[in-house]
Amino acid sequence: MSAIAFPVPDAAIMARRPAILAGLAKLVAPEALITHEDELRPYESDALTAFRKLPLAVALPSTTEEVAAVMRFCSQAGVPVVPRGSGTSLVGGATPQEDAVVIGVSKMNRIIEIDYANRTAKVQAGVTNLAITAAVMAGGFFYAPDPSSQLACSIGGNIAMNSGGAHCLKYGVTTNNVLGLKMVLLNGEIIEIGGDHLDSAGYDLLGLMIGSEGQLGIVTEATVRILRAAEGARPVLFGFPKPELAGAAVAAIIGAGIIPVAMEYMDKMAIAICEDFAHAGYPMDAEALLIIEVEGSEQEMDDQLVRIIEIARKHGVTTIKESKSAMETAAIWKGRKSAFGATGKIADYICMDGTIPTGRLPEVLTKIDELVKHYGLRVANVFHAGDGNLHPLVLYNINDPVERQKAEDCGLDILRLCVEVGGCLTGEHGVGVEKRDLMPVQFAKCDLDQQMRVRAVFDPKWLLNPAKVFPLEGRIAA
Amino acid sequence: MTLFTPRTEAEAAQIIADLALTKQTVTIQGGATRAGIGRPNQTEATISTVRLTGVTLHEPAELVISARGGATVSEVEATLAAKNQMLPFEPTDHRTLFGTRGEPSIGGVVAGNHSGPRRIQAGACRDSLIGVRIVNGRGEAIKSGGRVMKNVTGLDLAKLVTGSWGTLGLLTEVTFKVLPRPERTVTLLLKGLSDERAVAALSAALGSPFEPSAAAHLPAGLGKPLARTILRLEGFSISLDYRMGAFRRLLASYGELTLLEGEDSSRLWRGVRDCEFLAEPMDAAIWRISTAPTRAPAMVATITAAVPGARWFYDWGGGLIWLAMPATGDAASATVRAAVASGGGHATLIRAPRDLRASLDVFQPLGPLQMVTAGIKTGFDPSGIFEPGRMYAGM
C-alpha cells in the first residue's frame, strides 16, 4: 500500500504555518487547538496505520459555529481540511496530510434529545455509535447499525463512511437510519438537511452526504432513527464440513422466506483465531461456521430456529449450538466482532471489504484460496453471509518487505475479483486512501466524472479530504 | 414536439446528446400516470421509456431484481410474486388519484421515490434501490451502485436521482433489493379514536417490539362513519398469533381491536397507499405532508381550522398527512406552508389544477439549499434540458 501516492504537500502552505496557527488560535479555545508535534502524533493516522502524516494542526471545536469558523478560515486561506471522527477508519478515511488542518468532532459528544414517541434521537457528531444505544437502552430502544468498532467509532464517522455492521441484513446501514443532518460546508455555511420526519424534500441530499467520506462538508449533528429492541435475540452456531454447504444453506434460508437478523460466516482459520481469543465455544472441527441470529419472543425464535435448523440439516450441518444465556450470546458476538483484533494478535493482516453477489460465493471462496496460495500467504475469511460482504484477512509479516508487497498485491487481486463477479470494492469500510486507485476498476471514466461534478458543487478547489476516494489523475474541479 | 422512443440505453444516450447540443428541452415520460405531479412545463421533445422494457435480472436467492426504466411496475411485481417475493417499499399507484390509465413504469416510481405504507418498516424506494443506470444531460450513460446489497463505493448518486422527477437524467435501469412475501398478513383495527389518541396508539405500537409493517389513521367520515386506526402485521402465522395477543394487551386502553384479514385487509391498505379515500372529488387539491408523527394532529388542526371543507388521513404512524382541500384561491398553500414551517417537515402539492401548479411552489421551497440544489442540477444537466421548472421555477 506504500505505493499509494499522496499529493505533494504544498510548500507555500507549510511555510505559512505560523500565520495559520495564529488564525486558528483566534477561533477555538487554546486547549482545542493542537500544534505541538508530540500532541499531534496521535492524529497522524487512523486505523490504517500504514499511512502516517503529521498535519499542520488539529482543531477540536465544541460547537457547530466553531467548526464553521475554522472551515471558513481554512477555505479562505486555501488550506486543506481533513475531517476526523474517532479515527477508526480501516481505509484511511481520516489519514491527514502535512499541509492540512484536521478538524476533529470528538469534543462534540452530547446526546441532544431523545424522542421515544417519534422514535428519533438527536446527537452531536462525536457521540460514539454505542453511546446512542446506551442512551436509549433504558427505554428499550437501540440504534441499529453496529460496526465492529462501535465502542469507539463516532456517528459522524459512521455517516461519512455509511457504516454497516453484522445486523444490517434486517435493519439496513447508516443511510437507512439517519433522518436529518446539520453540517458545515467548506465556506463555513451551516445547513440543515431533513429533520425528524421521513424522506427529506427535494433532491436526496441526505443520501448524497451519507457515505461521502468527508468530501462534501463536516457533519456536526444528526437525527437518527431509534428502534425498539426485540424481546429477545438468540445467536446459534452452525458448523459445516465444507464452505460450499454453508453458502448453500444461506441461500436456502433466504429462499425459504426467512431473513434472520444476522448471518455471519467464518472459515476454519477465522474460527480458530476467534475461538482462541473469545472462548465462545465455536466448533473447531468445522470447515465453515455460520452464526445465525434470530429475534422475537421465545416462541417466535423457537419457530424460526426449527425452520433454519431443518434447512441446515439438509445441507449437512455437523454442529448446532444455541446460545443458552446472555453470557453465551455476548461471547459468541465478542468472538465475531473481535475477528480483526484477534487476527492482529497472531499476524499482521490486510482486511478487504468487497461485496459479491451471494450466488457466486463458493466460486469466489475457491478463487480467493487460489490467489492466496499463489502468493504463498494465508487468509482468514469472515463475512456477512446474508449480504455478500466479504472480509478476507490476508495475513503477512509487516517486517518482510517482500511479503508485505505480496499481501498488498493479493488484496488488490481479491477486490478485482469481487468487481469481476458483479460486486464492488467496498461494502461498508469506504474507499478512503486504500481503494482510491482501484476506483477505475469498478467505474468507467464518465461514472467517476459525474461523481466529481457533484463533488465540485461543494468543494471546487479540492480542499476537503482531498487525497481520498478519487484517483489523483483526471480530477474534475468546478 | 418530437417524441423519441429509444429501444436501448445507447440509443437514448445519442438522442440526449443531440438534444443537449441544440439545447432542446425534454420531458421524460414513463407510463404518464403521474404526469400531473409537479410544476407544468413545456418542452420541445419527449423521451418515452415505453420501449425500454423488461426485467433484466432476478436472482431470488440473492433478493435482487433489475429492470429497465420503462418496465411496468406490474411486470416487476409479477416477476417477484412468481418467486414469492415483493418490492419492500410498496410503491404507490396514483391512477385513481389522477384518473389516469396506462401502466406506471418502475423508472417513474424511482423518479418520484413513491413509497407506500411499509415505508415505516422496510424503508422508502430510495432505501431499496441499490443501483441505477442513467443517461445524464451530457448524453453519457453512467452507473451508480450495482447489484449487491452493501456498497459504499463512491458517492451515492443512485439516492440523488431517486425523487429527482426526471430533472437529473433518464433512468435506463434500476436495481432493487427485495423481500420474501409474508406468509400471512393481518390488520388490527381500533374504532372511534380522535386524531391525537390515534397517533398516540400508533406511536405505542411502533415503539413496541412487535413490528407493525404499517400504521395509519382514517378519521370519521372517510369511508366509514367511525374513525379507523389500523395496524398491519406481516410474517409467519405463528408469530402473528403471538403479536396480535401482544397488541391486544398493549393497546387495551384504546379500545377493542378488530381483526381484518384477506381481501378486506389488503383492500384497505391499497386505499391508504394510493390515497383513494381523497380521490373524489377530482377537483380538490391534494397536499402530502411529511412530519414527525406526534406533531401531525396539531398541524392538521391548524390547517383545517383555516380551511373549511378539508378532509384528511394519516399514514406512516401519523408522520405522513394526506389532505384534500378546495382548489380555490391558493389551495391553502400559505396556510400549509406556514403550518409546516412551524411544525417541521415538508409539504408537496400533489394534485392541483394546472394554473395553480404553475403559480405556486409545488415542492417544499428550498430555502438555504437552493444553491446546492442548483449546483447539482447543473452538474448532471449543464444545458438544463431535462424537465425545466418541473420541481422549481427557473431550474
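Bear in mind the structure is a predicted one, so any value in this text is a computation, not a measurement. (Residues numbered from 1 in each chain as written. Chains lettered and ligands numbered in written order. Predicted model: local features only at pLDDT ≥ 70, side-chain atom pairs only at ≥ 80, totals over all residues.)

Caption draft 1: Quick peek at the overall build of chain B. Scanning chain B for helices and strands turns up 14 helices and 18 strands. The globule rule puts the C-alpha radius of gyration for 395 residues at 21 Å, and the 21 Å found for chain B is close to it. Seen through its C-alpha atoms, chain B measures out along the principal axes to roughly 65 × 55 × 35 Å. The buried share of chain B, taken over its 395 residues, is 57%. A separation threshold of at least 6 residues defines the contact pool for chain B, and within that pool the share at least 24 residues apart is 72%. (Helix = DSSP H or I, 4+ residues; strand = E, 2+ residues; numbered from the N terminus. Rg over C-alpha atoms; globule rule 2.2 N^0.38 Å. Buried ≥ 20, exposed ≤ 12 C-beta atoms within 10 Å, placed from the backbone. Contact = placed C-beta atoms within 7 Å.)

Caption draft 2: Just the confidence of the model for chain B, in detail. Model confidence for chain B is summarised by a mean pLDDT of 97, while 100% of its residues fall at 70 or above. In the predicted assembly, ipTM is 0.97 and pTM is 0.97. (pLDDT = per-residue confidence, 0-100.)

Caption draft 3: View of unusual backbone geometry. Of the consecutive residues Glu280 of chain B and Pro281 of chain B, the connecting peptide bond is found in the cis state with omega at -5 degrees. With respect to the secondary-structure elements, Pro281 of chain B resides in the loop between helix H10 (263–273) and strand S15 (285–290). Positioned with a positive phi, Asp199 of chain A is a non-glycine residue whose angle comes to about 60 degrees. Inspection of the secondary structure assignment puts Asp199 of chain A in the loop between strand S9 (190–194) and helix H8 (205–209). The backbone of Val469 of chain A shows a phi angle near 65 degrees, a positive value even though the residue is not glycine.

Caption draft 4: Structural view of the nonpolar core. All names here are of chain A. Counting residues in hydrophobic clusters, the biggest one holds 275 residues, and the most contacted among them are Val101, Leu290 and Val394. Counting residues per element, this core draws most heavily on helix H9 (residues 243–255), which supplies eight residues. Residues in contact with Val101, not counting those within four places in the same chain, are Leu24, Pro55, Leu56, Ala57, Ala59, Cys74, Val79 and Val81. (Core = buried A, V, L, I, M, F, W, Y, C linked by C-beta atoms within 7 Å.)

Caption draft 5: Just the interface of chain A and chain B, in detail. The partner chain B presents 64 residues to the 71 residues of chain A that form the contact. At the level of elements, H8, H9, helix H11 (298–314), helix H16 (439–442) and helix H17 (445–458) of chain A are the ones that each hand at least two residues to the side of chain A that touches chain B. With nine residues, H17 of chain A is the largest single contributor of residues to the side of chain A that touches chain B. Considering only residue class, the side of chain A that touches chain B consists of 27 nonpolar, 31 polar and 13 charged. (Nonpolar A, V, L, I, M, F, W, Y, C, P; charged D, E, K, R; others polar.)

Caption draft 6: Molecular detail of the sheet that holds strand S8 (residues 141–145) of chain B. All names here are of chain B. Read across the open sheet, the five strands follow the order S4-S5-S9-S7-S8; overall the sheet is antiparallel. Looking at strand neighbours, the two that pair on one side only are strand S4 (55–59) and S8, the edges of this open sheet. On average, adjacent strands in this sheet sit at an angle of 10 degrees to one another, irrespective of strand direction. In this structure, strand S7 (residues 129–135) lies alongside strand S9 (residues 170–177), joined through six bridges in antiparallel fashion. Pairing of Val132 across the sheet is with Val174, part of S9. Contacts from helix H1 (residues 9–21) reach S7, S8 and S9 within the one sheet, and its direction differs from that of S7 by about 50 degrees. (Pairing = 2+ DSSP bridges. Axes fitted to C-alpha atoms, helices over the stretch in contact; angles between N-to-C directions.)

Caption draft 7: Representation of the sheet that holds strand S15 (residues 319–322) of chain A in the model. Residue and element names in this part refer to chain A. The seven strands are arranged S15-S12-S14-S13-S17-S18-S16 in an open sheet whose pairing can be described as antiparallel. Edge positions in the open sheet fall to S15 and strand S16 (348–351), since each of these has one partner strand only. Across the sheet, the axes of successive neighbouring strands diverge by a mean angle of 20 degrees, strand direction being ignored. In this sheet, strand S17 (residues 378–384) lies alongside strand S13 (residues 262–267) in antiparallel orientation, the contact comprising three bridges. Across the sheet, residue Glu264 finds its bridge partner in S17, namely His384. Most of the contacts of helix H12 (residues 326–337) go to strand S12 (residues 233–240), to which it runs at about 60 degrees, and overall it touches S12, S13 and strand S14 (288–295).

Caption draft 8: Structural context of the domain arrangement of chain B. Residues and elements named next belong to chain B. Domain annotation of chain B identifies domain 1 (1–181 + 365–395), domain 2 (184–273) and domain 3 (276–364). One C-alpha centre belongs to domain 1, the other to domain 2, and the line joining them spans 33 Å. Contact with domain 1, which involves seven residues of that partner, is made by ten residues of domain 2. A per-class count over the side of domain 1 that touches domain 2 returns two nonpolar, three polar and two charged. (Domains from an automatic or database assignment.)

Caption draft 9: Fine view of H11 of chain A. Residue and element names in this part refer to chain A. Taking 1.5 Å as the rise per residue, H11 with 17 residues should run 24 Å; its terminal C-alpha atoms sit 24 Å apart, in good agreement. For H11, the set of buried residues is Glu300, Met301, Gln304, Ile308, Ile311 and Ala312. Down the axis, H11 shows its buried residues gathered within 100 degrees of arc, on one side only. Exposed and facing more than 90 degrees away from the buried side of H11 are Glu298, Val306, Glu310, Arg313 and Lys314. (Expected span 1.5 Å × (residues − 1). Arc of directions from axis to C-beta.)

Caption draft 10: Quick peek at the packing of helix H14 (residues 361–374) of chain A against helix H15 (residues 401–420) of chain A. Residues and elements named next belong to chain A. Direction vectors running N to C along H14 and H15 enclose 160 degrees, while the axes themselves pass 10 Å from each other. For the element pair H14 / H15, the angle class is roughly antiparallel. Regarding H14 and H15, the two cross each other, and that crossing is right-handed. Of the residues in H15, those in contact with Val364, Lys367, Ile368, Leu371 and Val372 of H14 are Cys410, Asp413, Ile414 and Leu417. (Parallel < 35°, antiparallel > 145°, perpendicular 65-115°, else oblique. Left-handed = near helix turned anticlockwise from the far one by under 90°.)

Caption draft 11: Examining helix H13 (residues 339–346) of chain A more closely. Along H13 of chain A, the positions that sit buried rather than exposed are Ala339, Ala342 and Thr343 of chain A. Angularly, the buried residues of H13 of chain A cover 100 degrees about the axis, an arc narrow enough to put them on a single face.

Caption draft 12: Structural context of the pairing of strand S10 (residues 218–225) of chain A. All names here are of chain A. Where burial is concerned, most of S10 is hidden: eight out of the eight residues are buried. Of the pairings in the sheet, the one linking strand S6 (residues 120–124) to S10 comprises five bridges and is antiparallel in character. Residue pairing across strands places Gln124 opposite Glu221, the latter belonging to S10. Alignment of strand S8 (residues 178–184) against S10, held across six bridges, turns out to be antiparallel. Paired with Val178 across the strands is Val224, a residue of S10.

Caption draft 13: Inspection of the domain arrangement of chain A at higher detail. Taken domain by domain, chain A consists of domain 1 (11–104), domain 2 (111–228), domain 3 (233–339) and domain 4 (347–420). Computed from C-alpha atoms alone, the centre-to-centre distance between domain 1 of chain A and domain 4 of chain A is 34 Å.

Caption draft 14: Expanded view of the packing of helix H2 (residues 17–25) of chain A against helix H4 (residues 64–77) of chain A. Residues and elements named next belong to chain A. Packing of H2 against H4 brings their axes to within 10 Å, and their N-to-C directions diverge by 155 degrees. Classified by the angle between their axes, H2 and H4 sit roughly antiparallel to one another. Crossing angle aside, the handedness with which H2 passes H4 is right-handed. Here Ile20, Gly23 and Leu24 of H2 come into contact with H4, specifically with Val70, Phe73 and Ala77.

Caption draft 15: Main features of the pairing of strand S16 (residues 311–315) of chain B. Residue and element names in this part refer to chain B. Judged by how many residues are buried, S16 sits mostly within the fold: four of five residues are covered. Sheet analysis places S16 next to strand S17 (residues 320–325), joined by five bridges and oriented antiparallel. Paired with Tyr314 across the strands is Ile321, a residue of S17. Here S16 folds back onto S17 in antiparallel fashion, the turn holding four residues, of which Trp316 has a positive phi close to 50 degrees.

Caption draft 16: The arrangement of the environment of Pro308 of chain B in detail. Residues and elements named next belong to chain B. Mapped onto the elements of the fold, Pro308 is located in the loop between helix H11 (296–306) and S16. Residue class for Pro308 comes out exposed when judged on the 8 C-beta atoms lying within 10 Å of it. In this structure, the C-alpha to C-alpha distance between Pro308 and Val178, residues 130 residues apart in sequence, is 43 Å.

Caption draft 17: Seen up close, the environment of Met352 of chain A. Residues and elements named next belong to chain A. Assignment of secondary structure puts Met352 in the loop between S16 and H14. What makes Met352 buried here is the crowd of 29 C-beta atoms within 10 Å. When the C-alpha atoms of Met352 and Ile112 are compared, they prove to be 36 Å apart, with 240 residues separating the residues in sequence. Those residues within four positions of Met352 in sequence are excluded, and the remaining contacts are Leu390, His391, Pro392, Gly411, Ile414 and Leu415.

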